[in-house]
Amino acid sequence: MKIAICPGSFDPVTKGHVDILERSSKLFDKVIAVVLVNPTKTPTFTTEERVDLIKRVTKHIPNLEVDSYTGLVADYAQMKNAHTLIKGLRAVTDFEYEFQQALINKKLNPELETLFMVTNQDYMYLSSTLVRQIAEFGGDIDMFVPEEIKDILKEKMIKEKK
Ligand code: ADP
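Residues numbered from 1 in each chain as written. Predicted model: local features only at pLDDT ≥ 70, side-chain atom pairs only at ≥ 80, totals over all residues. Heavy atoms only, no water.

Peer 1: Teacher, can you tell me more about the overall build of the protein chain here?
Peer 2: In terms of regular secondary structure, the protein chain is built from six helices and five strands. Seen in sequence order, the protein chain has helices and strands lined up from the N terminus as β-α-β-α-β-α-β-α-β-α-α. Across its three principal axes, the protein chain shows a C-alpha extent of roughly 45 × 35 × 30 Å. Residues counted as buried form 44% of the 162 residues belonging to the protein chain. Once local pairs closer than 6 in sequence are excluded, the contacts in the protein chain between residues at least 24 apart make up 76%. Of the accessible surface of the protein chain, which amounts to about 9,400 Å², a share of 54% is contributed by carbon and sulfur atoms. (Helix = DSSP H or I, 4+ residues; strand = E, 2+ residues; numbered from the N terminus. Buried < 20%, exposed > 50% of the residue type's maximum accessible area, 1.4 Å probe, protein only. Contact = heavy atoms within 4.5 Å. Areas by Shrake-Rupley, 256 points an atom, 1.4 Å probe, with all protein chains shown as cover.)

Structure, rendered in structure tokens:
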């Protein structure tokens, strides 16, 4: 079975992520969206919340699994018997960082290939950081996040401000 991993912080999941997950799921037997836990960073949404939000917006993708992991994605892939990492590329600015990551992951796990998927041009400007910033200042996030989670995100951001 061909398994691909889509790793990220997903803090929170956006329409850009969902687009990459939908397209990846058409190319592989199984896709795993994995929330990588970085103990040095304080995310806005907890790991459980991020996993839950991804699950809510990907119910329509039958061959997608959602998981979380604290550790190296190279080890996670090995554990799951996956040989492909899929990374979305928005702009040249993503490339340098992703290129470095891909080379390091290859050193850590030589069996692992990183594939870059070009963003849907509708979402090329979109990042989780941007969604958080807009929501924090009461802006309209409806066009950036899936319908199923927009109210949950707004409530959470309002609570955070209090
Ligand atoms: P962000 O930079 O939005 O915080 P993540 O760390 O959660 O993103 O990203 C997980 C993966 O999804 C990465 O491969 C990232 O490049 C990709 N990605 C995020 N937003 C988009 C988008 N709008 N279009 C394409 N790929 C994206």
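So much for the structure itself; the text now carries on.
Peer 1: Sorry, what's going on with helix α1 (residues 15-25) here?
Peer 2: The α-helix advances 3.6 residues per turn, and as a result positions three or four apart in sequence lie on the same side. Considered for burial, the residues of α1 that qualify are Gly16, Val18, Asp19, Ile20, Leu21, Ser24 and Ser25. On its buried face, α1 is in contact with β1 (3-8), β2 (30-37), α2 (47-57), β3 (64-70), β4 (84-89) and β5 (113-118). For α1, the side-chain oxygen to backbone nitrogen distance between the N-cap and Gly16 is 3.1 Å, and the N-cap itself is Thr14. (Polar contact = N/O pair within 3.5 Å; in protein donor to acceptor, adjacent residues only side chain to side chain.)

Peer 1: What is the right way to read the pairing of β5 from this model?
Peer 2: Here is the key point about a regular strand: its side chains alternate between the two faces of the sheet. By the bridge criterion, six bridges tie β4 to β5 in an arrangement that is parallel. Opposite Leu85, over in β5, you have Thr114 as the bridge partner. Tracing the backbone out of β4, into helix α4 (residues 92-108) and back to the parallel element β5 gives a crossover that is right-handed. (Pairing = 2+ DSSP bridges. Right-handed = clockwise from strand over helix to strand, strands pointing away.)

Peer 1: Would you mind going over the site of the ligand with me for this structure?
Peer 2: Around the ligand, a shell composed of 15 residues is seen, among which Phe10, Gly88, Thr119, Tyr123 and Ser128 lie nearest. A distance of 2.9 Å separates an oxygen atom of the ligand from a polar atom in the backbone of Phe10. Between an oxygen atom of the ligand and a side-chain N or O atom of His17, the distance comes to 3.0 Å. Protein burial of the ligand: of its 540 Å² of free accessible surface, 87% is covered by the chains. Listing elements by their share of the shell around the ligand, those giving two or more residues are β1, α1 and β4. Here the residues of the shell around the ligand are counted per class, giving five nonpolar, eight polar and two charged. (Near = heavy atom within 4 Å. Nonpolar A, V, L, I, M, F, W, Y, C, P; charged D, E, K, R; others polar.)

Peer 1: Please clarify how the packing of aromatic side chains should be interpreted in this entry.
Peer 2: Scanning the model with the defined rule gives four aromatic pairs in all. Between Tyr125 and Phe144 the ring centres are 6.0 Å apart and the planes differ by 70°, which places this aromatic pair in the edge-to-face class. Highlighted residues: Tyr125 in the loop between β5 and α5 (128-136) and Phe144 in the loop between α5 and α6 (150-161), separated in sequence by 19 residues. Cluster of aromatic residues (ring-pair linked, three or more members): Phe95, Phe99 and Phe116. (Phe/Tyr/Trp six-rings, centres within 6.5 Å; stacked < 30°, edge-to-face > 60°.)

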